[in-house]
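Coordinate analysis (summary)
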Amino acid sequence: MRVKLGTLIVGLTALLFACAPQKAPSPEVAKKPAVTHPELSEQEKWIACSECHRTETPEIYEEWHKSRHGLAMVKCFQCHGTFETFHEPTRETCRTCHAKAYDNCPKDRACWECHTPHLFKKHE
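**Brief notes about the overall build of the protein chain**
When helices and strands are counted, the protein chain shows eight helices and zero strands. Secondary structure elements of the protein chain, listed N to C terminal, follow the sequence α-α-α-α-α-α-α-α. Total accessible area on the protein chain stands at roughly 10,800 Å², and carbon and sulfur atoms take up 64% of it.

**Structural notes on empty space enclosed by the protein**
Here the structure, examined in full by the defined rule, presents one cavity of 30 Å³ or more. Taken as a whole, the largest cavity spans an internal volume of roughly 30 Å³. Along the walls of the largest cavity sit R91, C105, P106, R109, A110, C111, C114 and H115, which together make up its complete lining. Looking at the lining of the largest cavity residue by residue, the class counts come to five nonpolar, one polar and two charged.

**Re the packing of aromatic side chains**
Applying the stated criterion to the full structure yields one aromatic pair. Ring centres 5.8 Å apart and planes at 50° place the aromatic pair Y61 and W64 in the tilted group. Note that Y61 and W64 are positioned in helix 4 (residues 58–66) at a spacing of three residues, about one turn of the helix. An identical accessibility class is assigned to Y61 and W64; each is buried. Here the basic side chain of K107 rests over the ring of Y102, its NZ or CZ set 5.4 Å away from the ring centre.

**Quick notes on unusual backbone geometry**
In this model, M73 sits at a positive phi of 60°, which is unusual for a non-glycine residue. Topologically, M73 is positioned in the loop between helix 5 (68–71) and helix 6 (76–80). Take M73: its relative accessible area is 48%, and that puts it in the partly exposed class.

**Observations concerning the pattern of salt bridges**
One pass over the full model with this rule turns up five salt bridges. One salt bridge connects E113 with R109, and the closest N-O pair in it is separated by 3.4 Å. A residue is classified by how much of its surface remains accessible, and E113, at 43% relative accessible area, is partly exposed. Here the residues in one salt-bridge network are E42, K45 and E84, joined through shared partners.

**Details of the confidence of the model for the protein chain**
Here the protein chain shows a mean pLDDT of 78. Residues at 70 or above account for 68%. Confidence, read as mean pLDDT per element, is least for helix 2 (residues 27–31) in the protein chain (52) and greatest for helix 3 (residues 49–56) (93). Within the model, the stretch residues 16–25 combines pLDDT values under 50 with one contact to residues more than four positions away or in other chains.

**Focus on the state of the cysteines**
Summed over the entire model, instances satisfying the criterion amount to zero disulfides. Of the cysteine sulfurs around C79, a residue in no disulfide, the closest is that of C94, at 6.6 Å.

Parameters and conventions
Residues numbered from 1 in each chain as written. Predicted model: local features only at pLDDT ≥ 70, side-chain atom pairs only at ≥ 80, totals over all residues. Heavy atoms only, no water. Helix = DSSP H or I, 4+ residues; strand = E, 2+ residues; numbered from the N terminus. Areas by Shrake-Rupley, 256 points an atom, 1.4 Å probe, with all protein chains shown as cover. 1 Å grid on protein atoms, 1.4 Å probe; cavity = no way out; pocket = protein on both sides within 12 Å on 5 of 7 lines; lining within 4 Å. Points joined across faces, edges and corners; volume = space filled by probe spheres on them. Nonpolar A, V, L, I, M, F, W, Y, C, P; charged D, E, K, R; others polar. Phe/Tyr/Trp six-rings, centres within 6.5 Å; stacked < 30°, edge-to-face > 60°. Buried < 20%, exposed > 50% of the residue type's maximum accessible area, 1.4 Å probe, protein only. Lys NZ or Arg CZ within 6 Å of the ring centre and 35° of its normal. Salt bridge = Lys/Arg side-chain N within 4 Å of Asp/Glu carboxyl O. pLDDT = per-residue confidence, 0-100. Contact = heavy atoms within 4.5 Å. Disulfide = S-S within 2.5 Å.

Structural data, given as structure tokens:
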């Protein structure tokens, strides 16, 4: 009887955790529409991102082009990966070049919560 009661308690506890509400995505993540990149040929994969994004997403291109990263010729793949490995940068990605700033910034916030993405200016 004691074993059955223990098994019942473990089972009910597992069921309780399985039915618990899941953490909803942050409002910023929920707002972002899913973006898909058009398929590229093997030759197109060798073209710099900026070649197409200059006309396809001119606002992002201009942001980057006029930013410190643009002036320093930091390329898209250095923060976002290649076409095949595209990802949103993480704090660790930023740390690769900005170790001192990384150490001085709050650890519980993403870099882009204080610095405008692509412009890299600190919010006042």
